[in-house]
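Structure at a glance
Listed below, chain by chain, are the residues.
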Amino acid sequence: MPSVMLRENDKGELTLYVPKKDQEDVIASIEFDTEDAWGGELTLGDGSSFVIDKMPGKPDLPITVRAKRGAEA
Amino acid sequence: MAMSRDEVESLIQEVLEVYPEKAQKNREKHLTPNDPELEQSKKCITSNKKSLPGVMTIRGCAYAGSKGVVWGPIKDMIHISHGPVGCGQYSRAGRRNYYIGTTGVNTFVTMNFTSDFQEKDIVFGGDKKLATLIDEIETLFPLNKGISIQSECPIGLIGDDIEAVSKKKSAEHGKVVVPVRCEGFRGVSQSLGHHIANDAIRDWTLGARDDDNSFPQTDYDVAIIGDYNIGGDAWSSRILLEEMGLRVVAQWSGDGTIAEMELTPKVKLNLVHCYRSMNYISRHMEEKYKIPWMEYNFFGPTKTAESLRAIAAKFDESIQAKCEEVIAKYQPEWEAVVAKYRPRLEGKRVMLYIGGLRPRHVIGAYEDLGMEVVGTGYEFGHNDDYDRTLKEMGDATLLYDDVTGYEFEEFVKRVKPDLIGSGIKEKYIFQKMGVPFRQMHSWDYSGPYHGFDGFAIFARDMDMTLNNPCWGLLQAPWKKSTEAADEAVAASA
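What comes next concerns the included structure. (Residues numbered from 1 in each chain as written. Chains lettered and ligands numbered in written order. Predicted model: local features only at pLDDT ≥ 70, side-chain atom pairs only at ≥ 80, totals over all residues. Heavy atoms only, no water.)

Comments concerning the overall build of chain A
- In terms of helices and strands, chain A carries zero helices and six strands.
- Starting at the N terminus, the α and β elements of chain A follow one another as β-β-β-β-β-β.
- Here the C-alpha atoms of chain A give a radius of gyration of 11 Å, agreeing with the 11 Å that 2.2 N^0.38 yields for 73 residues.
- By its C-alpha atoms, chain A is 30 × 30 × 20 Å across when sized along the principal axes.
- Of all 73 residues assigned to chain A, the portion counted as buried reaches 44%.
- Taking contacts inside chain A between residues at least 6 apart in sequence as the whole, the part at least 24 apart equals 27%.
- Approximately 4200 Å² of chain A is accessible, and the part contributed by carbon and sulfur atoms is 48%.
- If you average the places of the 9 positive and of the 15 negative side-chain charges in chain A, the two averages end up 7 Å apart. (Helix = DSSP H or I, 4+ residues; strand = E, 2+ residues; numbered from the N terminus. Rg over C-alpha atoms; globule rule 2.2 N^0.38 Å. Buried < 20%, exposed > 50% of the residue type's maximum accessible area, 1.4 Å probe, protein only. Contact = heavy atoms within 4.5 Å. Areas by Shrake-Rupley, 256 points an atom, 1.4 Å probe, with all protein chains shown as cover. Lys, Arg positive; Asp, Glu negative; His and termini not counted. Charge placed at Lys NZ, Arg CZ, Asp CG, Glu CD.)

Notes on the environment of G375 of chain B
Residues and elements named next belong to chain B.
- In this fold, G375 is placed in strand β11 (residues 372-376).
- In this structure, the C-alpha to C-alpha distance between G375 and L352, residues 23 residues apart in sequence, is 6.1 Å.
- Apart from residues no more than four positions distant in its own chain, G375 is found in contact with V350, M351, L352, M393, L398 and Y400.

Describing the environment of G232 of chain B
Residue and element names in this part refer to chain B.
- Mapped onto the secondary structure, G232 falls in the loop between β6 (221-227) and α10 (233-243).
- Placed 227 residues apart in sequence, G232 and A459 show a C-alpha to C-alpha distance of 16 Å.
- G232 has contacts with Y98 and P448, leaving out every residue within four places of it along the chain.

Points about the interface of chain B and chain A
- Taken together, the contact pairs 16 residues of chain B with 14 residues of chain A.
- Buried surface at the junction of chain B and chain A, summed over both partners, amounts to about 1300 Å²; 35% is from carbon and sulfur atoms.
- At the junction of chain B with chain A, the criterion picks out three salt bridges.
- One salt bridge connects E24 of chain A with R283 of chain B, and the closest N-O pair in it is separated by 3.0 Å.
- Inspection of the chain B/chain A interface yields six residue pairs in polar contact (both at pLDDT 80 or more).
- Of all the elements in the fold, those that place two or more residues in the side of chain B that touches chain A are α12 (275-289) and α17 (383-390) of chain B.
- For the side of chain B that touches chain A, the element with the most residues is α12 of chain B, which contributes seven residues. (Buried area = accessible area lost by both parts, 1.4 Å probe. Salt bridge = Lys/Arg side-chain N within 4 Å of Asp/Glu carboxyl O. Polar contact = N/O pair within 3.5 Å; in protein donor to acceptor, adjacent residues only side chain to side chain.)

Structural notes on the pattern of salt bridges
- Taken as a whole, this structure holds 38 salt bridges over all chains when the rule is applied.
- Here D212 of chain B makes a salt bridge to R209 of chain B, at a shortest N to O gap of 3.0 Å.
- Ionic pairing is found between E324 of chain B and R309 of chain B, a salt bridge with its closest N-O pair at 2.7 Å. Placement of E324 of chain B in helix α14 (residues 317-345) and of R309 of chain B in helix α13 (residues 301-312) is noted, with a sequence separation of 15 residues between them.
- Look at E324 of chain B and you get partly exposed, because its relative accessible area is 36%.
- Relative accessible area serves as the criterion here: at 40%, R309 of chain B is assigned to the partly exposed category.
- Because the salt bridges share partners, they merge into one network encompassing R7 and E24 of chain A together with R283 and E286 of chain B.

What about a positive patch on the surface?
- A cluster of like positive charges, contributed by K21 and R69 of chain A together with K25, K29 and K49 of chain B, occupies part of the molecular surface.
- Mapping K21 of chain A onto the fold places it in the loop between β2 (14-18) and β3 (23-33). (Patch = residues over 30% accessible without salt bridge, like charges linked within 9 Å, V, L, I, M, F, W, Y side chains within 5 Å.)

Side note on the sheet that holds β11 of chain B
Residue and element names in this part refer to chain B.
- Taken together, the six strands give an open sheet; going across it, the order is β1-β12-β11-β10-β13-β14, and neighbouring strands pair in mixed fashion. If you trace the sheet from one side to the other, it starts and ends with β1 (31-33) and β14 (437-439), each paired once. Each neighbouring strand pair of the sheet contributes to a mean axis angle of 25°, computed without reference to strand direction.
- Here strand β10 (residues 349-352) runs beside strand β13 (residues 419-422); their pairing, made up of three bridges, is parallel. Among the inter-strand pairings, M351 is bridged to a residue of β13, identified as I420.
- In the packing of helix α20 (residues 451-466) onto the sheet, the strands contacted are β13 and β14, and the crossing angle to β14 comes to about 140°. (Pairing = 2+ DSSP bridges. Axes fitted to C-alpha atoms, helices over the stretch in contact; angles between N-to-C directions.)

With respect to the side chain of R27 of chain B
Residue and element names in this part refer to chain B.
- If you trace the backbone, R27 turns up in helix α2 (residues 21-28).
- Taking relative accessible area as the criterion, R27 reaches 3% and is therefore assigned buried.
- Only 3.3 Å separates the side chain of R27 from the backbone oxygen of D402, close enough to count as a polar contact.
- Once residues lying within four places of it in the same chain are set aside, the contact partners of R27 are L16, Y19, L52, D401, D402, V403, T404 and E407.

Side note on the packing of aromatic side chains
Residues and elements named next belong to chain B.
- A full pass over the atoms with the stated rule returns 21 aromatic pairs over all chains.
- The interplanar angle of 50° and the centroid separation of 6.0 Å between the aromatic rings of Y353 and Y400 together place this pair among those described as tilted. Remark: Y400 occurs in strand β12 (residues 398-400) and Y353 occurs in the loop between β10 and α15 (358-361); sequence separation between them is 47 residues. Of the two residues examined, Y353 and Y400, each falls in the buried class.
- Taken together, a centroid distance of 4.4 Å and an interplanar angle of 35° make the contact between W443 and Y449 tilted. (Phe/Tyr/Trp six-rings, centres within 6.5 Å; stacked < 30°, edge-to-face > 60°.)

Here it is, written out as structure tokens:
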């Protein structure tokens with residue numbers, strides 16, 4: 001259960017940052033991204049994924065959340 | 001004569017041949033020809049991994065990262081090297097973080113404060129000694145604004161509770177006392193020390209003025225993050241920002257004070273120069289205080305102008321107009337520098353091996369002088385540093401991570417650069433090999449190199465090293481005479 005930071009980079013892309021590993025990657029796809037639900041499974045550019053709790057609407061970024069490592073693609 | 005990708009690959013293989021199989025496999029992942037096409041560095045290079053036992057690595061330790069880099073330059077605090085005397089004494093004042101103040105009265109950067117651990121402190125614990133030390137500091141140096149306790153290895157090993165001592169003494173003296181758990185054995189290099197130091201700043205000092213709005217704010221408040229004022233770097237950066245109409249509230253941490261750090265959450269934008277050592281605190285401030293941060297690069301006129309424009313773009317038109325004025329004002333100055341030195345340096349090839357930001361940041365400055373960087377590498381960079389480096393370097397140039405003494409020497413013998421920029425541990429080896437060398441960690445006792453003013457000094461230094469007549473005089477006289485004799489024999493035959 002690493003804690004990860006979600007933020008938007010200069011280009012406006014959503015990125016995921018793992019502080020323990022100093023890894024930052026652009027999020028390629030996000031499971032829920034609608035008015036009333038945000039989060040779920042986040043797939044990174046390289047195919048690996050993280051699962052975060054579903055939130056009611058898009059949070060104020062950047063935000064630190066607990067994430068579970070998803071199944072390796 | 002640039003090397004092709006195949007040549008670089010075969011060079012790497014050749015250099016690796018002397019290692020045992022296991023070591024070969026390990027080191028192979030840290031060496032690669034550059035591919036600017038790649039988006040992510042992890043596809044071609046591995047970094048931030050434990051160094052191989054048995055090789056000469058050039059890395060430092062977590063204590064070096066915290067005391068030497070992040071905390072050390074904060075001038076009005078006293079940084080106690082808590083543990084045996086050597087760690088603090090042998091690194092004292094080595095990094096040339098310039099500051100204004102009266103040393104020993106209201107500023108303390110170049111002094112060494114240590115608890116000088118002895119056998120009995122290891123056996124019975126050093127907390128009492130630490131408490132006494134803090135009391136003595138308060139008596140002898142009453143103008144200090146706070147104390148940080150920089151742990152050396154034994155503190156973590158014997159399990160001292162420096163946090164408890166800090167809290168008690170902080171309450172007693174009414175000053176900030178920050179315990180930093182930066183024992184040298186933590187992590188693989190000084191990089192973790194930066195992280196630990198950032199976390200300590202976050203936990204113990206940053207929020208001090210959260211409920212205090214007495215500090216007058218403007219829309220143009222910025223903080224310089226990750227500039228350690230080596231040889232005056234932060235000053236030559238600061239004047240450019242101020243001329244542009246911005247107000248620099250804090251310098252982290254070169255020539256910085258604890259008050260500046262506590263005020264940083266009030267700024268509008270954090271300007272990050274050394275990404276590696278201070279991105280952590282910038283990210284934290286972005287999340288907690290919603291202060292955006294951006295990276296910039298003040299090495300060489302091209303990059304400086306580019307960065308100034310990027311910074312101005314974050315503000316309104318009055319700043320942008322002044323930014324153009326500033327760039328125009330300095331243009332004749334740096335053009336004269338380029339005109340003077342470029343003909344002397346054109347086409348020279350440089351190899352770099354440095355720390356956190358310079359392996360990629362100084363490339364632009366060399367290019368402004370018509371020089372080419374043919375190899376670069378980080379002592380303690382992470383993946384994200386290499387991500388940013390790939391684009392800066394040419395195709396099939398050499399990249400090396402945590403290079404060993406042997407590998408670096410072999411690379412230099414084969415690539416034959418005209419100049420090497422690296423640290424003090426490499427300096428004398430290469431100078432004895434007859435290769436011009438600049439010590440790029442502390443600018444070889446020169447500087448500043450940042451900004452337009454710094455570029456003039458940078459160009460002069462590179463010229464004075466590269467075109468120094470001494471390099472042709474390095475061969476031992478008896479070797480020369482035999483060669484001359486051989487020639488004479490050959491000629492007479």
